[in-house]
Amino acid sequence: MAYTSALTIRYLKTIGIVNNGSNGRGFANPYDVAFGADDEIFVLNRCDPARRSGIRVGVCNIDEEYLYEFGYGFGDGEGQMTLPVAMAFDSEGRLLVTDEHTNRINIYSKKGDVIGKWGVKGDLEGEFHGPAGIAVDSQGLVYVSDQRNHRIQKYTSEGEFLSQWGTKGANEAEFNLPWGIGVDTSDNIYVADWRNDRVQIFDSSGQYIQAIGDFGEGQETLNRPSGVSVDKKGNIYVTDWGNERLQVYDSSGQFISSMRGEATLSEWAKEFFESNQDEMETRGISNLNPDIPDHLNTPYHISSQTESYFWGPVSVRIDSNNRLYVVESNRHRIQIYQIG
Amino acid sequence: MSENVSIMAHLMRRAGFGATRNELEVCLDDGYEYTVEKLLNPGESNHMPDDIIRRYHVDQSELRQLDGAGSYWLYRMLTTNNPLEEKLALFWHGLFATGYAKLNQARALLNQIDMFRQYGFGSFRELLIELSKDPAMILWLDNNENHKEAINENYGRELLELFSMGIGNYSEEDIKECAKAFTGWTLGNAEYMSVRASKDSIWPYGRIAWHYEYRADDHDGSEKKFLGKEGNFNGEDIVDIIVAQEATANFLSTRLFQYFASDEVDADGEFVISEMMQAYFESGYKVSAVLRSLFNSDYFKSEKCMYSRVKGPVESVVGTARLAGTYQEPTLDVHSLWAQTMFMGQGLLAPPTVEGWHEGVEWIDSGSLVERINFAAKELSDPTKEGVKDIIHRVTAAQKDLSDSEKLVDSCLDFMGPIQVEADTREGLIQFAESQGVVRTEEGYPDQSGSTQIARLIGMIASTREYQLA
Amino acid sequence: MGNKAKSLVVVQLSGGNDYLNTIVPYGDDEYYDFRKTIHIEQEKVLPIDKVYGFSPHMAPIKRLYDEGKVAVINGIGYDNPNRSHFRSMDIWHTAQPDEIGTEGWLGRVIRDLDPNAENVLTGVNFGRGLPRALGVRGVPVASVGNLETYGLFPDIKDESAKKLALDAFAHMYGGVQGKDPVLNFLGQTGMDALKGADVLRTAPQKYSSSIEYAANPIAQSMKSIAQVLLADFGTRVFYTQHGSFDTHSGEIVTHAKLWDEVSGAVGDFYDDMREHGSEEEVVVMIFSEFGRRIKDNGSGTDHGSGGVAFLIGGNVKGGMYGQYPSIKEADQLEGDLHFNNDFRSTYSTIVDKWFGLDPVPIVNGQFEQFDLVNA
């Protein structure tokens with residue numbers, strides 16, 4: 001639990017279990033979450049090559065009921081996805097999903113019907129080269145981080161190009177392979193400027209406001225941030241992908257805290273152990289927070305050996321109930337925290 | 001000059017995965033011995049960055065399964081500027097063959113490969129100690145079941161037989177004493193990890209990677225007799241005794257010779273091996289010293305040594321892709337590249353048994369040969385690939401007259417290697433070049449269809465018997 | 001037609017087929033107690049008797065069963081069952097449960113059928129790479145990804161360009177033998193590959209049938225097997241696989257689809273053989289590396305032991321063989337069905353009774369055989 005006078009972040013629960021197939025309950029390299037109007041949790045499964053035929057969006061709720069799923073297979077056909085990265089609901093309640101390989105945004109209804117798509121490969125206005133993060137502001141306008149064009153593009157909800165900013169570089173308002181995008185209540189845009197190890201903040205017209213973080217493994221720094229979200233009070237949450245942790249900053253960009261994760265068994269995990277007692281027994285006599293030998297003393301290796309820690313945190317999002325969701329691609333689960 | 005090119009190309013085929021002509025020119029400027037030193041002292045290597053790979057490939061970030069882990073290692077081989085580091089790691093992987101099938105732990109296998117990179121050039125003593133502490137090896141050869149009260153000899157036996165001395169140089173009693181000395185050398189949470197491994201379990205949240213743990217209370221601290229020496233030996237002491245043996249020097253030198261120089265050992269080879277053994281002892285068991293002695297020997301640089309090895313599948317796939325200049329950026333295709341090595345009979349991180357792969361001509365059967373040829377021919381007959389373009393450019397610059405099929409063939413053979421071929425092969429290639437018709441040029445350069453023709457000829461050269469040899 | 005050589009088609013169900021939802025103990029209440037979510041409803045089962053029945057997605061195999069052409073081998077497995085895919089599959093492939101084996105049992109069958117390796121097509125695998133079951137040093141086996149394009153240079157689409165390439169290849173590989181034994185060996189191997197491919201590729205042209213196989217991979221593989229078998233190249237052992245049966249999640253949907261595909265393909269294959277009067281010359285064996293846990297996990301089932309295999313053919317004496325293991329808690333093996341017959345009994349039956357070979361060196365030991373094929 002992290003505290004400041006103004007902010008508490010309390011661990012609630014973990015949802016998920018690794019899904020080894022092409023359908024059904026569980027997640028396969030989840031990459032992002034989005035929240036439906038009725039508190040459904042939409043989870044984007046990027047899937048590894050062995051499971052690519054099952055590339056899909058799974059829908060569950062906070063009570064861990066697995067409700068339904070939709071997907072149209074791997075590829076660039078109608079409704080299909082190849083390397084999906086992020087998603088967001090637009091102002092019409094349609095789900096927009098970016099795909100960094102097909103260079104387009106797929107549009108689905110919340111039930112999974114294919115509504116449309118936009119985007120072509122290129123570096124002209126409105127075109128994409130590796131679209132990654134996506135966010136929708138209070139006006140219904142859509143922001144996409146155009147990864148390999150190192151810029152942010154802004155569209156209407158119909159995919160009509162409005163404006164763009166940024167170019168490759170490490171100076172103010174320049175980007176290096178940007179990833180996640182967040183929006184605050186004033187429609188300011190927060191970009192996880194991945195390979196520049198910082199989050200950059202702009203107003204909705206693309207005017208630079210400030211940057212947070214610089215490279216490193218120190219407490220306040222960032223190493224390849226993947227996702228960013230802002231709560232109602234303006235506190236900023238960043239999945240610090242390269243350091244396998246969650247960084248929290250206040251609205252002025254002052255560092256507040258750093259979290260390594262505290263996952264517990266989901267209901268689905270518990271059901272697994274009920275029918276696999278032999279594993280539960282040996283698990284019971286194990287130390288799941290072991291001391292790691294020096295040569296493996298990196299955040300990545302520590303997370304690979306410590307099940308409760310974040311591993312491959314690729315996105316952080318906040319729902320309307322002020323719950324914070326950290327999506328872990330390598331652990332196929334979502335850790336949920338209550339912001340208070 | 002051309003003899004130098006041949007010898008340098010030979011060195012790079014053996015100590016690496018072959019070299020493009022651009023790379024060879026840099027080596028030639030440096031000179032042979034300097035290049036050998038560079039290879040033997042790699043320092044920090046340059047290769048496709050981890051963060052770039054991990055962001056693109058979820059499977060290579062998680063490294064849960066064999067395909068992702070194999071692809072990840074292939075990227076390293078494909079993009080490294082220190083090819084010997086990877087070639088040597090592949091050697092150790094074949095010698096200390098640890099396989100996925102029993103472990104179901106790709107991350108632990110890659111950690112083992114990292115260990116080979118770190119210790120592979122240095123003292124054989126350190127390497128064997130690290131090997132004995134390697135969690136993948138511990139589970140692979142059941143040392144987690146080797147207890148003070150109940151010895152499991154598996155690791156002790158293979159350490160002597162397959163990893164250091166070879167059969168006939170120790171007794172069954174030595175094996176038992178050796179195994180005793182390694183009791184208590186296990187991995188963290190051994191019970192749980194062993195159940196998960198045996199069930200191939202990834203539940204609930206993917207795999208949990210492994211680390212070494214020494215359990216002093218499970219170590220047999222009694223007096224031991226090993227290879228004529230007596231003492232209260234622990235594993236390190238056993239390794240000290242092993243590495244000082246003549247048999248170990250011979251075993252290691254011979255295996256390195258067969259991997260880097262020639263599948264067959266003749267009398268000249270025996271002489272080189274005796275020099276390698278000398279280097280082993282003089283350097284304090286340093287692997288780099290043994291290799292230096294080999295690479296700088298007259299035998300290694302002789303005609304006889306060239307093309308005397310059948311390329312292994314991984315070597316062949318990586319060499320071809322490096323020549324074509326492909327896979328330098330993350331691509332989904334890397335997964336099928338990995339699958340290719342499986343089809344050809346060498347699944348990285350999945351050797352069939354602790355004895356590793358059967359090498360030499362045993363790599364070849366009709367199925368694996370077809371896979372090799374089809375892969376190499378496809379990869380290299382594409383004129384849009386950077387490496388192929390470069391060969392076409394060089395051929396064009398060297399041959400004013402592209403209509404002369406003989407010269408065209410010889411020139412392609414030169415810039416692809418140089419590759420030496422039999423008369424029949426050369427005739428077949430010339431016949432092929434002629435059957436395609438005259439290469440048309442525009443302002444001295446082949447036009448699009450001309451480039452395609454030359455590229456197809458390059459693909460045909462990659463289909464020859466000689467291309468299967470290193 | 002009657003004097004054709006006997007052949008075997010092995011269909012591997014990769015990933016661990018759920019025995020309990022394949023041959024369903026629908027008359028046993030405990031099945032529904034352990035399988036609260038992942039079960040097949042009583043009224044949907046295709047009954048064999050009052051207790052057991054086929055999954056509703058196996059209608060074509062059930063039809064053959066009713067004709068007496070399907071042997072169901074219940075409770076198949078081996079001692080100290082391994083629940084890891086790779087290792088357990090290795091055990092089935094090498095017939096060596098106790099140590100890591102190097103030779104495949106079917107590779108040995110092929111070697112004994114064709115000791116001088118005179119026919120490079122005695123064993124044919126449909127799929128890329130070589131399953132370990134077929135791997136024995138010195139035993140050539142063709143691995144066919146796609147019958148139409150099988151062989152050298154499949155990536156050259158232009159037919160005339162491909163012909164030039166193949167001509168050049170024959171020149172380079174088929175020349176006079178030189179003094180270098182390695183180059184000679186490569187030359188010989190290359191020419192073998194060239195010839196084998198030339199022969200195999202003619203199979204589709206020789207074939208005609210009224211059977212329309214489905215478009216899924218296993219149906220297409222079975223069609224290819226029918227084409228090669230009927231083309232009479234002397235192929236005796238065919239191998240293919242389908243999957244993934246690793247149904248930890250969403251099992252109901254996945255398992256149903258997989259069995260629809262497998263049983264459809266096998267049913268069509270049998271009908272195809274019958275249409276060509278060859279159903280008595282072929283046996284199809286279906287197996288998987290292990291069964292699955294008795295208790296479900298809420299969405300699927302996890303790795304278990306104790307499985308089921310099938311032998312199907314005109315000369316198979318249909319029926320239930322082996323014992324269907326009890327699912328009572330007290331009879332379970334670490335939460336799994338307890339196997340009661342070693343898989344090498346089935347292998348021995350095939351090797352001895354079907355092929356007339358000595359099974360002992362092939363399956364690494366003497367095992368009791370079933371009386372289930374007409375010799």
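The rules behind the values
- Residues numbered from 1 in each chain as written.
- Chains lettered and ligands numbered in written order.
- Predicted model: local features only at pLDDT ≥ 70, side-chain atom pairs only at ≥ 80, totals over all residues.
- Heavy atoms only, no water.
- Phe/Tyr/Trp six-rings, centres within 6.5 Å; stacked < 30°, edge-to-face > 60°.
- Helix = DSSP H or I, 4+ residues; strand = E, 2+ residues; numbered from the N terminus.
- Buried < 20%, exposed > 50% of the residue type's maximum accessible area, 1.4 Å probe, protein only.
- Lys NZ or Arg CZ within 6 Å of the ring centre and 35° of its normal.
- Domains from an automatic or database assignment.
- Contact = heavy atoms within 4.5 Å.
- Buried area = accessible area lost by both parts, 1.4 Å probe.
- Salt bridge = Lys/Arg side-chain N within 4 Å of Asp/Glu carboxyl O.
- Polar contact = N/O pair within 3.5 Å; in protein donor to acceptor, adjacent residues only side chain to side chain.
- Nonpolar A, V, L, I, M, F, W, Y, C, P; charged D, E, K, R; others polar.

Trainee: Residue-level account of the packing of aromatic side chains, with values.
Mentor: The description of an aromatic ring pair rests on the distance of the ring centres and on the angle between the ring planes. Overall, the coordinates contain 59 aromatic pairs over all chains when judged by the stated rule. Between Y155 of chain B and F182 of chain B, the ring centres sit 5.5 Å apart and the planes meet at 85 degrees, which makes this aromatic pair edge-to-face. With Y155 of chain B in helix α12 (residues 154–161) and F182 of chain B in the loop between α13 (172–181) and β1 (185–187), this pair connects stretches of sequence that are 27 residues apart. With respect to class, Y155 of chain B is no different from F182 of chain B; both count as buried. The aromatic ring of Y205 of chain B is capped on one face by R333 of chain A, whose charged end is 4.6 Å from the ring centroid. One cation-aromatic arrangement involves R309 of chain B over Y259 of chain B; the distance from NZ or CZ to the ring centre is 5.5 Å.

Trainee: Tell me what's going on with the domain arrangement of chain B, and back it up with residues and numbers.
Mentor: When the parts come together, some accessible area is lost, and that loss is often what is quoted as the size of the interface. Residue and element names in this part refer to chain B. Each assigned domain of chain B is listed here: domain 1 (23–307) and domain 2 (386–468). Domain 1 puts five residues into the contact, and the matching count from domain 2 is six residues. In total, about 390 Å² of surface goes out of reach between domain 1 and domain 2, with carbon and sulfur atoms giving 35% of it. Counting the surface domain 1 buries against domain 2, the share from its top three residues, L24, E25 and Y307, is 83%. Linking domain 1 with domain 2 are one salt bridge, by the criterion used here. The partner of E25 in a salt bridge is R394, and the shortest N-O contact between them spans 3.0 Å. Applying the counting criterion to the domain 1 and domain 2 interface returns two residue pairs in polar contact (both at pLDDT 80 or more). Looking at the side of domain 1 that touches domain 2 residue by residue, the class counts come to three nonpolar, no polar and two charged.

Trainee: How would you explain the interface of chain B and chain A if you had to name every residue and give the values?
Mentor: Across the boundary between the two partners, chain B contributes 36 residues, which contact 61 residues of chain A. Summed over both partners, the interface of chain B with chain A buries about 4,100 Å², with 54% contributed by carbon and sulfur atoms. Put simply, D48 of chain A and R64 of chain B hold a salt bridge, and the shortest N to O gap is 3.7 Å. Viewed at the interface, chain A and chain B are joined by 31 residue pairs in polar contact (both at pLDDT 80 or more). Of all elements in the fold, only α4 (50–56), α5 (58–62), α9 (106–119) and α14 (190–199) of chain B reach the threshold of two or more residues within the side of chain B that touches chain A. Here the residues of the side of chain B that touches chain A are counted per class, giving 16 nonpolar, eight polar and 12 charged.

Trainee: Describe the interface of chain C and chain A, naming the residues involved and giving the relevant values.
Mentor: Of the residues lining the interface, 13 residues belong to chain C; the matching set on chain A comes to 12 residues. When chain C packs against chain A, close to 990 Å² is buried across both sides, 36% of that on carbon and sulfur atoms. Sorting the residues of chain C by area buried against chain A places S249, R293 and N297 of chain C first, and these three jointly supply 38% of that buried surface. In this assembly, chain C and chain A are joined by one salt bridge. In this structure, D278 of chain A engages R293 of chain C in a salt bridge whose closest nitrogen and oxygen atoms are separated by 3.4 Å. On the surface where chain C and chain A come into contact, there are 11 residue pairs in polar contact (both at pLDDT 80 or more). Looking at the side of chain C that touches chain A, its residues break down into one nonpolar, seven polar and five charged.

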